[in-house]
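Each chain, letter by letter, is given below.
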Amino acid sequence: MSASVSILTLVLVAELNGAAALAQASQGSAVDRPSPAQARNNDDDSNAIVVTARRKEESLTDVPASITAYSSDFFKKQNIQTFADYATKLSNVTFQYGQGGDFSSVGFVGGRQTTIRGVAGANTTAYYINDTPVPASISPQTLDLDRIEVLKGPQGTLFGASSMGGNLRFITRQPTFTENSYTAQIQGGGTKNGGFDFDGNALANLVVVPDRVGLDIAGGYTRESGFITRRFPGASGALVSVPGQGRGDTYSASASLRAKLTDELEATISGIGQIYNLHGFPAAYLPLPGYRPVTYTIDRDRDVQEYSKDRWGLGSLVLKYSGEGYSIVSSSSYFARRTKELEDTTEGNNGYIRDVLGVDIGDPPLPTINISKDRRFTQEVRLSFDEGTLLPGLSGIVGLFYQHRFNSFAQPALPVPEFEDAGFDPPFITRQTFPTHEDNSAIFGELYYEILPKLTLTGGLRQYWIKQKADAVLSEGIFNSPGGDLAPARRSRQSGIVPKFVVSYKLPREGTVYASASKGFRLGGSQGRLPDFCQSDLAAIGRTQDDTQDFKSDTLWSYEVGAKSRIAGGRLNVAAAAFQIDWSNIQQQVILPTCTFSFTANAGKARIRGGELEVSGRPIAGVPLMLQLGLGYTDGRLLDPGLLAQAPDTRLVQTPRWTGSISGNYDHPISDNASLLISADYSYTGGLKVANSAGGFLDRKPLNFVNASIGVKFGTSQITLYGKNLLDKRLNLGDLYSSGIERSEILADGSAQRLPRGAVSRPRQLGVQFRTDF
């Protein structure tokens, strides 16, 4: 791959040098126009927003697509540090724990999904750190981020698979060549019914060689106190309480070295990594039918201390060659992640052994350990050419993409003496390792042709080839056949074309109106073999254990019209969009009601309609008040339920109708060297439907968050009092996908009912923050 990329790069450089020289001779001004970054620097209005949604810097109002962008300045003013801090502020975006449908989604760390515009399910929203796709459950700390870009609608042309709903991109800071700068921040406070919360981080941008070499480094530590109390019977029978469950410690660091090797060639070597340790899960029981947390004290049968350890790192090398009217970018990266979680599956497993297998082993502790590994090597080469380089009115981007990915999910054997005493062979719940391999290759490109002044046609295409392999898996344990169940190795190949079409018109003043049609897709794959005791559930829906080990890609078409502009003298950015999505052959998570396991299958059709409105900037001239407003509406309908126990033409699960947020910050001088800082925000996510393992549906209540801060800025420093979740709401963020048999509770009539446990919102936090720049 590397040799072919190098040859291709040399050929492209030679051809484009000649094309650029010809274009310059015939129309010299075409190659001399300033870049979007230069135009931004020459613009006195600081409300201009620059994004790289089309892999080049350009004004947000020039991109014919719906995009939400949050800058590092916004993070600071709204005290945004965690995933929930910004994810709850995005219109037509919601997140949900659990409902994963595969082994990679068990427990807490790997089980979070993000839904954009109602396209719900695993792997529907792609996550990127700069040019590298990463798992959707990654949440880098915001300390060294330049901005977050959320691209709504299918982004398969430039970003490939898993972008069928949209794309969330973390863009890190780039080192500067001109000026040293330093930032230090520390904050401390407390969580209601929790403990001490702490965050400290530092950033430095160093000019190593003026105009040639710059270094950016950052590091931080965050402690979020635990607010869940775990309670269990002690040796004497009296209840023992262990507070502080859900405590999280995050260590993060990043470094980036940027060097201008020649006037045309620039290289950037960067690394970013994070360690996240959880002492118990920030989760509580959600008793039915209310399906909401009523207490943050959870009663367990035995003393089993849950934990999670998540480590990931990303290293990359980016080379950029800038010629006359074109540029070539080569991005090489390696991502590695390992998670290990211990989950308490005591009650559900013991209940199954006692009630279904008819064996009483004395209800011993029965934890499960889940170990996941994710390795990704990614190589991408892109060629971008400016308007007039090849033909008048034509610009574009073409590229090659390759990624090799290795995943492994393992559950090691944990011997249980009580099993051996009862005659179980083997004497443990489970032992299995499920490795998968994937090679993803693609050619992609987008062309932009101005057919008339200000009227541009965009055509995009991605041709992909994907090979997948699942190694043979031997599953052993008390729920398996004697000697274990062997699932043979499986291989599959997929290929296809993803098109995109856009027509856009630039308004007389800065702004754009557009209409687009684009296709999105999500990869198929393999999954673990279901246990034998699920056979009756599978037979009821016409499936077998072999049928459930593979699932195919699903696709959708999205149609969008929108407009965006800067109004009120450039003080306000306004964007509105309406869309319809037609989704077919949906990868559905099918929950089996008796054995409570689930699998992914292809079936059904859906139609999603909705719209968005976003406004940001200074609404009143001369008043230092900045506002950011987002409002989203989604009407998702499951036209054909497929294998789901759901009536036709009913609401899609995990899809709220309304989402919205409003954020504001006010900076008012109170002396020659001091300013009063006030910020506040409110976010809302409507209620939604969640599939129940019993074959029905549950109603997740709406999410409401209110945050605020007040402080004083003096010189280059500031001190702020802040509060998060000021209304102290107890909110359900989605029940967790268990790695064992789910727990049940006994009702008054003697029947058993599932007792879900879900991730929950952190109670009210109050604290003080100090930051200085120098």
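Right above here is the structure, for reference.
Residues numbered from 1 in each chain as written. Predicted model: local features only at pLDDT ≥ 70, side-chain atom pairs only at ≥ 80, totals over all residues. Heavy atoms only, no water.

J.: It is not clear to me how the sheet that holds strand 17 (residues 283-285) should be interpreted in this structure. Could you clarify?
T.: What holds strands together in a sheet is hydrogen bonding between their backbones, with the strands either parallel or antiparallel. Spatially, three strands are ordered 17-47-44 in an open sheet, and the strand pairing comes out antiparallel. In this open sheet, the two edge strands, each paired with only one partner strand, are strand 17 and strand 44 (732-735). Geometrically, the sheet is characterised by an average inter-axis angle of 40° between neighbouring strands, direction not taken into account. As defined by bridge partners, strand 17 adjoins strand 47 (residues 757-760) across three bridges and the pair is classed as antiparallel. Pairing of A284 across the sheet is with G758, part of strand 47. (Pairing = 2+ DSSP bridges. Helix = DSSP H or I, 4+ residues; strand = E, 2+ residues; numbered from the N terminus. Axes fitted to C-alpha atoms, helices over the stretch in contact; angles between N-to-C directions.)

J.: Help me understand the nonpolar core, please; the structure alone is not making it clear to me.
T.: Within soluble globular proteins, side chains that are nonpolar tend to cluster in buried spots. In terms of nonpolar packing, the biggest core is built from 36 residues, with Y86, F108, I148 and F170 touching the most fellow members. Counting residues in each nonpolar core, the second largest holds 23 residues, with A53, I67, F159 and Y448 among its members. (Core = buried A, V, L, I, M, F, W, Y, C linked by side-chain atoms within 4.5 Å. Buried < 20%, exposed > 50% of the residue type's maximum accessible area, 1.4 Å probe, protein only.)

J.: Honestly, the pairing of strand 34 (residues 598-602) in this entry has me stumped. Any pointers?
T.: The two faces of a sheet get side chains in turn, since along a regular strand they alternate between them. Taken across its five residues, strand 34 has five buried, putting it largely inside the fold. Burial of the side chains of strand 34 extends over both faces: S598, T600 and N602 are buried on one face and F599 and A601 on the other. Of the pairings in the sheet, the one linking strand 33 (residues 587-591) to strand 34 comprises five bridges and is antiparallel in character. Counted as the bridge partner of Q589 is T600 from strand 34. Two successive antiparallel strands, strand 33 and strand 34, enclose a turn made up of six residues, where T596 displays a positive phi of approximately 65°.

J.: Which parts of the structure should I look at to understand the pairing of strand 36 (residues 625-640)?
T.: Bridging between strand 35 (residues 605-617) and strand 36 involves 13 bridges; their strand directions are antiparallel. For G610, the partnering residue across the bridge sits in strand 36 and is T634. Bridge analysis of strand 36 against strand 38 (residues 658-671) gives nine bridges, and the strand direction is antiparallel. Residue pairing across strands places L631 opposite G660, the latter belonging to strand 38. Two strands pair when backbone bridges link them, and strand 36 and strand 37 (residues 650-651) are joined in this way by two bridges, in the antiparallel orientation. Across the sheet, the residue bridging to R637 is R651, located in strand 37.

J.: Just to check I follow, could you spell out the pattern of salt bridges for this structure?
T.: Working definition: two side chains of opposite charge can pair if their charged atoms are close together. This structure, assessed with the given rule, holds 46 salt bridges. The closest approach of N and O atoms between E614 and K152, which form a salt bridge, is 3.1 Å. With a gap of 462 residues between them, E614 in strand 35 and K152 in strand 8 (residues 145-152) connect regions that are remote in the sequence. Of the two residues examined, E614 and K152, each falls in the buried class. Across the salt bridge formed by D263 and R212, the nearest N and O atoms sit 3.3 Å from each other. With D263 in the loop between strand 15 (247-260) and strand 16 (265-279) and R212 in the loop between strand 11 (196-209) and strand 12 (213-224), the pair connects residues that are 51 residues apart, well separated along the chain. For D263, a relative accessible area of 60% translates into the label exposed. One network of salt bridges, in which partners are shared, links R300, D301, D344, E347 and R743. (Salt bridge = Lys/Arg side-chain N within 4 Å of Asp/Glu carboxyl O.)

J.: Would you explain the side chain of R258 in this entry?
T.: Within the secondary structure layout, R258 lies in strand 15. Within the structure, R258 has its side chain in polar contact with the backbone oxygen of P175 (distance 2.6 Å). Ignoring any residue separated from it by four or fewer positions in sequence, one finds R258 in contact with Q174, P175, T176, F177, R212, V213, G214, E266, A267 and T268. (Polar contact = N/O pair within 3.5 Å; in protein donor to acceptor, adjacent residues only side chain to side chain. Contact = heavy atoms within 4.5 Å.)

J.: Looking at this structure, I do not really get unusual backbone geometry. What am I missing?
T.: Leaving glycine aside, a negative phi is the common case for residues, and trans is the common case for peptide bonds. Here the residue pair L288 and P289 is connected by a cis peptide bond, since its omega of 10° sits within 30 degrees of zero. Along the polypeptide, P289 turns up in the loop between strand 17 and strand 18 (297-299). The peptide bond linking D425 to P426 adopts the cis configuration, its omega dihedral lying at 10°. Phi angles above zero are rare outside glycine, and D363 is one such case at about 50°. Residue position: D363 is located in the loop between helix 6 (346-355) and strand 21 (367-385). Not every positive phi belongs to a glycine, and Q654 is a case in point at roughly 60°.

J.: How do you make sense of the sheet that holds strand 8 when you look at a structure like this?
T.: Overall, mixed pairing links the five strands, which are arranged 3-8-9-6-7 in an open sheet. Both edges of this open sheet fall to strand 3 (67-71) and strand 7 (132-134), since each of them pairs with a single strand only. Mean inter-strand twist for the sheet, computed between neighbouring axes without regard to direction, equals 20°. Bridge count between strand 6 (residues 125-129) and strand 9 (residues 166-172): five bridges; the pairing is parallel. In the strand pairing of strand 9, T125 is matched with G166.

J.: Just checking my understanding: could you explain helix 6 for this structure?
T.: Each α-helix winds once per 3.6 residues, and so residues spaced three or four apart point in a common direction. Most of helix 6 sits inside the fold, with eight of its ten residues counted as buried. Among the residues making up helix 6, those that are buried are T346, E347, G348, N349, N350, G351, Y352 and I353.

J.: What is the right way to look at the environment of Y722 in this model?
T.: Position of Y722 among the secondary structure elements: in strand 43 (residues 717-724). A residue is classified by how much of its surface remains accessible, and Y722, at 7% relative accessible area, is buried. Measuring from C-alpha to C-alpha, the distance between Y722 and Y402 comes to 45 Å, with 320 residues separating the pair along the chain. A polar side-chain atom of Y722 sits 3.4 Å from a polar atom in the side chain of Q187.

Nothing here speaks to function; it is all geometry.
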